[in-house]
Amino acid sequence: ITAEIVSYKNYGAIDWVLYFENTGKSDTPVIENLLALDISLDEPMPGDAPYIFHRTNGAPSNPSDFEMKQVPMKANDVVTLSGAGGRSSNADFPFYKIDKNGSSMIIAIGWSGQWKSELKCLDGKQLQITAGLELTHFKLLPGEKVRSPRILLLNRGGESIESNVQFRRLIQKYYLPSFNGEKRAHLFCNTCFTRGGGWLNECNEENQISLIRALEPLGVELIITDAGWFEGGWPLGAGNWNVRKDAYPNGIAPVAAAAKECGMIYGLWFEP
């Protein structure tokens, strides 16, 4: 077992990922219940709720997408978070915050698939936090190597909102990739809807090009056609990468060309 650790002392943050490698000549025993994060906080606030948990919904494509909630963590409280359907943000968002006595801690779980995190405040004083893959039960053959989710942990004193500011600064400086020579957030749109309100399987060449042209004046820089473009539609056709001839008789090229004409970079959504 090896660890890759990066410390951002000026931000009060640390980032790590664990690696598991079989360097022997025989199979490993079964490996299960891997936790990339297992910590206990012992800084309770006075009162009935020693910790405040700030959580955010993921995006299951309904009106509750990315809604935020504050959850008082009291004695015997247990909260479980996870992805859904193998998608990291389809149920719960994998970034959350804990307010404790005098400081706040932000935890980010970097994993593109199914993850799980659990918070337990069983004695009303300590808060145990674990995170890792939701299901691990495998062995490694000789020479095989796997990794854990990446964990980013930031702790900031003062008012709770200050940790948010510090976290955004950290992401901006060290994690945000350069794109077209610029290191900034870019305006992106997923065209899973039509201009008439239809969704995924109602999308076609005509309404997607219409939508792209409608988005151009808003300054959209990147655009992607979501599921439903392939034979069988969504979800029955997931994994099929052949273009639906009824919806895109000329293939995807005309849609991509319309995006290029509007100065947008175009992408196509795939379901493994």
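Provided above is the structure to which this section pertains.
Treat the numbers as computed from the prediction; the structure is a model and nothing was measured.

Let us look at the nonpolar core. One finds Leu-37, Tyr-96, Ile-98, Leu-127 and Ile-129 to be the most contacted residues of the largest nonpolar core, which totals 27 residues. If we skip the residues at most four places from it in the chain, Ile-129 touches Leu-37, Asp-38, Ile-39, Leu-41, Tyr-96, Ile-98, Ile-107, Ser-117, Glu-118 and Leu-119. Listed in part, the 21 residues of the second largest apolar core include Leu-200, Ile-209, Val-255 and Met-264.

With parallel pairing, three strands are arranged side by side in an open sheet as E15-E16-E17. With one partner strand each, in any of the chains shown, strand E15 (188-190) and strand E17 (265-268) form the two edges of the open sheet. On average, each strand axis in the sheet is tilted by 20° relative to the strand beside it, whichever way the strands run. When strand E16 (residues 222-225) meets E17, the two strands line up parallel, connected through four bridges. Paired with Thr-225 across the bridge in E17 is Leu-268.

Within the element layout of this structure, Lys-100 appears in strand E8 (residues 95-100). A polar side-chain atom of Lys-100 sits 2.7 Å from a polar atom in the side chain of Ser-103. Separated by 2.7 Å, the side chains of Lys-100 and Asn-155 make a polar contact.

Take helix H2 (residues 205-215) next. Residues of H2 that are buried: Glu-205, Asn-207, Gln-208, Ile-209, Leu-211, Ile-212 and Leu-215. The inward-facing, buried residues of H2 abut E15, E16 and helix H3 (253-261). Capping the start of H2, Asn-204 holds a side-chain oxygen 3.1 Å from the backbone nitrogen of Glu-206, two or three residues further along.

On to the packing of H2 against H3, then. Closest axis-to-axis distance for the H2/H3 pair is 9 Å, and the angle between their directions is 10°. As summarised for this structure, H2 and H3 are arranged roughly parallel, according to the angle between their axes. Here H2 contributes Glu-205, Gln-208, Ile-209, Ile-212 and Arg-213 to the contact with H3, which in turn contributes Pro-254, Val-255, Ala-258, Ala-259 and Glu-261. Across the contact of H2 with H3, the residue classes tally to six nonpolar, one polar and three charged.

Right, let's talk about the pattern of salt bridges for a bit. Throughout the structure, instances matching the rule amount to ten salt bridges. Residue Asp-92 is joined to Arg-55 by a salt bridge in which the shortest nitrogen-to-oxygen separation is 2.8 Å. Placement of the pair is Asp-92 in the loop between strand E7 (77-82) and E8 and Arg-55 in strand E5 (residues 51-56), with a sequence separation of 37 residues. The class of Asp-92 is buried, set by a relative accessible area of 11%. Because the salt bridges share partners, they merge into one network encompassing Glu-4, Asp-15 and Arg-150.

Take the environment of Gln-128 next. Structurally, Gln-128 is set in strand E11 (residues 127-133). Gln-128 sits in the partly exposed class, given a relative accessible area of 31%. Residues Gln-128 and Ser-40, 88 residues apart in the sequence, show an inter-C-alpha distance of 4.2 Å.

Where burial is concerned, most of E5 is hidden: six out of the six residues are buried. For E5 and E8, the ladder comprises three bridges, and the chain directions are antiparallel. Bridging from a neighbouring strand, Phe-53 pairs with Ile-98 of E8.

Once that is clear, we can look at the sheet that holds strand E10 (residues 115-121). Ordered in space as E4-E11-E10-E7, the four strands form an open sheet in which the pairing is antiparallel. On the outer flanks of this sheet lie strand E4 (37-41) and E7, each paired with one strand and no other. Here the average twist between neighbouring strands, direction ignored, is 10°. Two strands pair when backbone bridges link them, and E7 and E10 are joined in this way by six bridges, in the antiparallel orientation.

Under the 1.5 Å per step criterion, the end-to-end length of helix H1 (residues 160-175) is 22 Å for 16 residues, consistent within 8% with the ideal 22 Å. Of the residues making up H1, those classed as buried are Ser-163, Gln-166, Phe-167 and Leu-170. Buried residues of H1 fall within an arc of 105° about the axis and therefore sit on the same side. Turned more than 90 degrees off the buried face of H1, the exposed positions are Arg-168 and Arg-169. Looking at the buried residues of H1, the elements they touch are strand E1 (2-8), strand E2 (13-21), E8, strand E9 (103-110) and strand E14 (150-157).

Calculation notes
- Residues numbered from 1 in each chain as written.
- Predicted model: local features only at pLDDT ≥ 70, side-chain atom pairs only at ≥ 80, totals over all residues.
- Heavy atoms only, no water.
- Core = buried A, V, L, I, M, F, W, Y, C linked by side-chain atoms within 4.5 Å.
- Buried < 20%, exposed > 50% of the residue type's maximum accessible area, 1.4 Å probe, protein only.
- Contact = heavy atoms within 4.5 Å.
- Pairing = 2+ DSSP bridges.
- Helix = DSSP H or I, 4+ residues; strand = E, 2+ residues; numbered from the N terminus.
- Axes fitted to C-alpha atoms, helices over the stretch in contact; angles between N-to-C directions.
- Polar contact = N/O pair within 3.5 Å; in protein donor to acceptor, adjacent residues only side chain to side chain.
- Parallel < 35°, antiparallel > 145°, perpendicular 65-115°, else oblique.
- Nonpolar A, V, L, I, M, F, W, Y, C, P; charged D, E, K, R; others polar.
- Salt bridge = Lys/Arg side-chain N within 4 Å of Asp/Glu carboxyl O.
- Expected span 1.5 Å × (residues − 1).
- Arc of directions from axis to C-beta.

In short, the description is geometric, and any link to function would need to be established separately.
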